Amino acid sequence: MKILVAVKRVVDYNVKVRVKSDHSGVDTANVKMSMNPFDEIAVEEAAQLKESGVATEIIVVSAGLSQCQEILRTALAIGADRGILVETDVDLQPLAVAKILKSIVEKEKVPIIILGKQAIDDDSNQTGQMLASLLDAPQATFASKVLIADGKAIVTREVDGGLETIALTLPAVITTDLRLNEPRYVTLPNIMKAKKKLLTIVKPEDLGIDVAPRLKTIKVEEPPKRDAGQIVADVAALVDKLKNEAKVI
């Protein structure tokens, strides 16, 4: 059984992002980039499923610039068997990525597709749902536990009211939440082994996919700065401020 995992190259979560002076987007020049944390959890889950004997091969896919090879190699070091880079300089949007993944899933005949629930750069939280719709396959989003048995995926997912457990017939799409697992530390020997694993590079046109953007970003701004806090003398002063200035009470 094959598992396909999608990974995205994003600005590292420890980096304080800067908005470009023309407000057209985020400045990524000379900025540390890494694998989207939710995607790293997805790779780890696939590796654990393979180690438990559920899967025989893990295919990791990324779409974007040639530099995405770096995160594909990281995924290969975690435990993926081979990688596919769909190379393009177009700013890919969720629907384009979903169409790319659909083409690869159908070509590879993959029954289990695992993605991070969202990317930390755009927080779209759309690709997994769009992919499931295009494939006409069941989906489980925000997974905190995954069990594969008897041709089904038993997934515990986080919902507003608590936890929900559902059973999906394969093929199925699963998106990962933070509490699904703790990604392993990538060791140097595995990094060296990853350099020898197969990494195939294709273009969107090779897959027959039109990745032209359908949405246009009009303006990107930094969040407004928070006002400095105030120290009050006693509870009475605090209540007065809440009542008269903040108008909370």
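Residues numbered from 1 in each chain as written. Predicted model: local features only at pLDDT ≥ 70, side-chain atom pairs only at ≥ 80, totals over all residues. Heavy atoms only, no water.

### Considerations on the sheet that holds strand E9 (residues 139–149)
Strand pairing within a sheet occurs via backbone hydrogen bonds; the two strands may be parallel or antiparallel. What counts, and what does not: The rule for pairing is simple: two strands pair if DSSP sees at least two bridges between them. Numbering of helices and strands runs from the N terminus, with a helix taken as a DSSP run of H or I at least four residues long and a strand as a DSSP run of E at least two residues long. Interaxial angles span 0 to 180 degrees and are taken between N-to-C directions of axes, which are lines fitted to C-alpha atoms, for helices over the stretch in contact.
Taken in spatial order, the 9 strands of this open sheet run E11-E10-E9-E12-E8-E1-E6-E7-E13, and their pairing is mixed. If you trace the sheet from one side to the other, it starts and ends with strand E11 (162–169) and strand E13 (199–202), each paired once. Direction aside, the axes of adjacent strands within the sheet are offset by 30° on average. With 4 bridges connecting them, strand E7 (residues 82–87) and E13 associate as parallel partners.

### With respect to the pattern of salt bridges
Selection criterion: One speaks of a salt bridge when a side-chain nitrogen belonging to Lys or Arg is within 4 Å of a carboxyl oxygen belonging to Asp or Glu. In this scheme, a residue with accessible area under 20% of its type's maximum is buried, one over 50% is exposed, and one in between is partly exposed, where area comes from a 1.4 Å probe on protein chains only.
Scanning all chains against the criterion turns up 17 salt bridges. Across the pair Lys 32 and Asp 12 runs a salt bridge, and its minimum N-O distance is 4.0 Å. Here Asp 12 lies in the loop between strand E2 (9–11) and strand E3 (18–19) and Lys 32 lies in the loop between strand E4 (26–27) and strand E5 (33–35), a separation of 20 residues in the sequence. We classify Lys 32 as exposed; its relative accessible area is 54%. With a shortest N-O distance of 3.5 Å, Arg 18 and Asp 27 are connected by a salt bridge.

### What about a nonpolar patch on the surface?
Defined as follows: Here the term patch refers to residues with relative accessible area over 30% and no salt bridge, with like charges joined within 9 Å and nonpolar side chains (Val, Leu, Ile, Met, Phe, Trp, Tyr) within 5 Å. Surface exposure here means Shrake-Rupley accessible area, sampled with a 1.4 Å probe, where a residue is shielded only by the protein chains that are shown.
Judged by side-chain polarity, Leu 188, Ile 191 and Met 192 come together as a nonpolar surface patch covering roughly 280 Å² of accessible area. Tracing the backbone shows Ile 191 in helix H5 (residues 188–194). Overall, the relative accessible area of 35% leaves Ile 191 in the partly exposed class.

### Topic: the side chain of Asp 177
How we decide: Every residue pair with non-hydrogen atoms within 4.5 Å of one another is taken to be in contact.
If you trace the backbone, Asp 177 turns up in the loop between strand E12 (172–176) and H5. When sequence neighbours within four positions are dropped, the list of residues in contact with Asp 177 reads Phe 38, Ile 41, Lys 117, Phe 142, Ala 143 and Glu 158.

### With respect to the pairing of E9
Relative to E12, E9 runs parallel, the two being bridged by 3 bridges. Paired with Ala 140 across the bridge in E12 is Ile 174. Bridge count between E9 and strand E10 (residues 152–159): 6 bridges; the pairing is antiparallel. Within E10, the position partnered with Ala 149 by the bridge is Lys 152. The hairpin turn running from E9 into E10, its antiparallel successor, is 2 residues long, and Asp 150 in that turn takes a positive phi close to 55°.

### Quick notes on the layout of surface pockets
Rule in force here: Grid spacing is 1 Å over the protein atoms alone, the probe is 1.4 Å, and a cavity is where that probe fits but cannot get out, while a pocket is an open set with protein on both sides within 12 Å along at least five of seven lines and lining residues have an atom within 4 Å of a point. Grid points are joined across faces, edges and corners, and a volume is the space filled by probe spheres set on the points. Here the nonpolar group is Ala, Val, Leu, Ile, Met, Phe, Trp, Tyr, Cys and Pro; Asp, Glu, Lys and Arg are the charged ones; every other residue, Gly included, is treated as polar.
Taken as a whole, the second largest pocket holds about 220 Å³ of empty space. Along its surface, the second largest pocket is lined by 13 residues, and Asp 12, Met 33, Ser 34, Met 35 and Glu 40 are the ones closest to its centre. Counting only elements with at least two residues in the lining of the second largest pocket, the list comes to E5, helix H1 (37–51) and helix H2 (69–78). Across the lining of the second largest pocket, the residue classes tally to 5 nonpolar, 3 polar and 5 charged.

### Section: the side chain of Arg 157
For clarity, the threshold we go by: Under this definition, polar contacts are N or O atom pairs within 3.5 Å; protein pairs additionally need one hydrogen-donor-capable and one acceptor-capable atom, and for neighbouring residues in sequence, both atoms have to be side-chain atoms.
In this structure, Arg 157 sits in strand E10. For Arg 157, a relative accessible area of 15% gives the class buried. A polar atom in the side chain of Arg 157 sits 2.6 Å from the side chain of Thr 141.

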